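Reading the structure
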Amino acid sequence: MNYDPRFAAVCGDARLPLHRMGRLIQKKPPELAQDVDAEWDAPTLRGLLGSRLASDQIIVVSNRQPFSHEVVAGEVKLTQPASGLVTALEPVVRACNGTWIAHGSGEMDRVFVDDADRWSAPSDNGTYQLRRIWLTPQEQQGHCDGFSNSGLWPLCHMVHVRPAFEEADWQHYKAVNTRFANAVIREARGQDPIVLIQDYHLALVPALVRAQLPLATIVSFWHIPWPHPQQMGLCPWMDELMHGLLGSDIVGLQTGQDARNFADLAARVGGRVIHGDSAEVLHGDRTTQVRNYPISIAWPTATAAAALPSVKSCRRAAEKQWLLPSEGRLIIGIDRFDYTKGIVERLHAFEELLTNRPQWHGLVRFVQVAATTRAGLKEYKDFQGQVRAQVARINAKFKSLGSEPIVLLDWHHDRAALNKLYRAADVCLVTSLHDGMNLVCKEFVAARDDEQGVLVLSQFAGAADELSEGLIVNPYHSAQVAESLHQALSMPKDEQRRRMRSLRSTVKSANVYRWAARMLTDAAALRSPVSPQGSHLLHGSNRLTVNLHAHHIMESA
């Protein structure tokens with residue numbers, strides 16, 4: 001690295017490398033800043049890639065893969081998970097014919113890769129490469145079920161489940177992160193790819209890649225909440241996690257509070273934090289930007305919206321299936337069977353609604369979709385048993401006219417089935433105890449082109465920062481949630497329309513393509529000339545030049 005101590009007076013740190021000083025002169029070229037105000041969809045995102053990052057290799061790294069090969073009804077089928085991450089980043093990789101590195105978890109995935117463990121995913125522009133990583137059962141248990149989901153998941157969600165941190169799990173976590181980092185290094189076609197690393201499973205990868213590809217532009221996005229530094233300090237290997245993440249040029253988080261929590265912890269572990277529009281952490285000879293990028297969904301295209309079944313038909317089907325009177329009301333909850341989603345708490349609130357508001361007896365159904373997840377973990381098995389017992393008790397208490405007020409659907413529903421529920425419902429109830437974002441509430445809003453329906457949303461879901469026209473509740477306060485349910489069930493159509501119209505405008509504009517575009521725009525700003533007078537990093541030839549104007553700034557300092 002090249003350094004100049006005379007630049008210390010400008011940036012406050014003589015150790016800052018010259019190829020990073022441009023971001024302190026001007027963080028983002030004006031034309032790039034304007035891009036994020038556009039109306040974003042997949043073609044617009046491809047246009048950004050073509051105009052700003054046309055010659056750059058993009059590598060996405062995640063634990064979850066965009067496609068898997070599974071045996072369905074005796075045949076091998078290509079399946080795609082219902083995932084906001086996949087929705088957002090697949091168009092990016094497609095547009096640039098890039099590389100996606102992920103855990104090969106499908107039962108037939110090994111059959112479809114070449115000798116280098118690559119599979120060519122279909123793309124409008126030809127193909128992009130899916131590079132699969134294989135994990136042993138012990139690695140899967142230690143890395144994913146162990147350190148990631150039994151340790152970091154409950155720790156970051158601040159729920160009443162004790163995080164479990166075991167030395168053996170940590171060793172597996174380090175080993176798997178090293179394997180992912182090595183795959184990035186092998187897949188890189190040059191010294192300076194753009195690497196987009198996703199979520200808490202891979203926190204060590206940025207620093208590992210940085211050590212081998214110092215010119216890479218690395219963006220890490222942490223999808224789950226980032227708690228207060230004291231909470232995060234419960235992790236025995238917090239310093240190692242922070243060192244790993246600070247190997248990134250940009251660390252992205254869901255909310256402004258998450259970003260502030262991360263910056264505060266970075267300061268505690270020795271980084272120097274400069275606060276502005278976003279925080280910058282100076283650590284050693286590097287700078288990491290800390291930004292919040294609220295993730296979202298893909299807004300339905302006109303073709304997709306036209307193909308949706310009518311709201312009336314969805315409603316009639318729900319009334320018939322669940323013996324709901326035509327003047328009745330339908331509440332839905334859509335979740336994974338996860339203790340962070342507040343399912344037990346919402347059941348308490350629903351029971352309180354029926355207790356305190358007997359006028360709703362026989363007129364309201366609560367349909368809770370809870371897809372099984374992490375079935376191998378004891379905490380999840382116990383939680384499922386707790387929910388089922390509570391549903392049975394409440395149904396026995398309020399059963400009337402041969403119907404039960406709660407319907408528990410404990411299996412996976414595809415997108416078409418969920419859209420029917422969204423369009424039939426009067427109320428969508430989201431009571432996350434803590435959530436990075438929660439996309440269910442945004443999916444509900446996107447499905448309601450009739451501008452009807454009411455969103456009841458936990459204040460502890462990241463989406464509450466954006467969706468203030470929902471009824472915002474504290475999920476731990478069952479009486480408040482019950483009264484908000486009553487308000488939602490009683491809300492006049494005109495008020496529903498006003499609120500839903502505002503919610504739809506927000507979700508449409510701040511969609512998943514804009515989320516991806518903001519990250520890529522910020523990444524491009526680090527690789528582009530930052531101003532006509534500023535410094536330039538010429539990645540094409542890996543040469544660093546500083547023009548005379550920047551030299552005069554340092555001389556005068």
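Structural notes, computed from the coordinates. (Residues numbered from 1 in each chain as written. Predicted model: local features only at pLDDT ≥ 70, side-chain atom pairs only at ≥ 80, totals over all residues. Heavy atoms only, no water.)

**Considerations on the packing of aromatic side chains**
For the coordinates displayed, the defined rule picks out 17 aromatic pairs. Summarising the aromatic geometry, the rings of F147 and Y173 are spaced 4.5 Å apart at their centres and angled 50 degrees between planes, so their arrangement reads as tilted. Highlighted residues: F147 in helix α6 (residues 137-157) and Y173 in helix α7 (residues 167-187), separated in sequence by 26 residues. Each member of the aromatic cluster is reached from another via a ring pair, and the members are F147, F165, W170, Y173 and W237. Stacked on the ring of W153, the Lys or Arg R374 has its end atom at 4.2 Å from the ring centre. (Phe/Tyr/Trp six-rings, centres within 6.5 Å; stacked < 30°, edge-to-face > 60°. Helix = DSSP H or I, 4+ residues; strand = E, 2+ residues; numbered from the N terminus. Lys NZ or Arg CZ within 6 Å of the ring centre and 35° of its normal.)

**What about the pattern of salt bridges?**
Taken as a whole, this structure holds 30 salt bridges when the rule is applied. The network of salt bridges with common partners includes E469, E495, R498 and R499. (Salt bridge = Lys/Arg side-chain N within 4 Å of Asp/Glu carboxyl O.)

**Some points on the pairing of strand β16 (residues 427-430)**
Here β16 shows a buried face lined by V427 and L429 and a second buried face lined by C428 and V430. In terms of strand pairing, β16 meets strand β17 (residues 454-458) through 4 bridges, oriented parallel. Bridge pairing in β17 links C428 to L455. Following the backbone out of β16, through helix α17 (residues 440-447) and into the adjacent parallel β17, one traces a crossover that is right-handed. (Buried < 20%, exposed > 50% of the residue type's maximum accessible area, 1.4 Å probe, protein only. Pairing = 2+ DSSP bridges. Right-handed = clockwise from strand over helix to strand, strands pointing away.)

**As for a nonpolar patch on the surface**
Taken together, V71, V76, V111 and F112 make up a surface patch of nonpolar side chains, about 310 Å² in accessible area. With respect to the secondary-structure elements, V71 resides in strand β2 (residues 68-72). (Patch = residues over 30% accessible without salt bridge, like charges linked within 9 Å, V, L, I, M, F, W, Y side chains within 5 Å. Areas by Shrake-Rupley, 256 points an atom, 1.4 Å probe, with all protein chains shown as cover.)

**As for the nonpolar core**
Ranked by size, the top nonpolar core spans 77 residues in total, and within it L45, W100, I332, L455, L457, W515 and L520 carry the most contacts. The element contributing the most residues to this core is helix α20 (residues 512-527), with 10 residues. Look past the residues within four positions of L520 in its chain and what remains in contact with it is L45, L48, L49, L53, I58, V92 and L196. (Core = buried A, V, L, I, M, F, W, Y, C linked by side-chain atoms within 4.5 Å. Contact = heavy atoms within 4.5 Å.)

**A few points about the packing of helix α4 (residues 42-52) against α20**
Closest axis-to-axis distance for the α4/α20 pair is 10 Å, and the angle between their directions is 10 degrees. Between α4 and α20, the interaxial angle falls into the category roughly parallel. For the pair formed by α4 and α20, the contact residues are A42, L45, L48, L49 and R52 on the first element and Y513, A516, A517, L520, T521 and A524 on the second. Partitioning the contact of α4 with α20 into residue classes produces 9 nonpolar, 1 polar and 1 charged. (Axes fitted to C-alpha atoms, helices over the stretch in contact; angles between N-to-C directions. Parallel < 35°, antiparallel > 145°, perpendicular 65-115°, else oblique. Nonpolar A, V, L, I, M, F, W, Y, C, P; charged D, E, K, R; others polar.)

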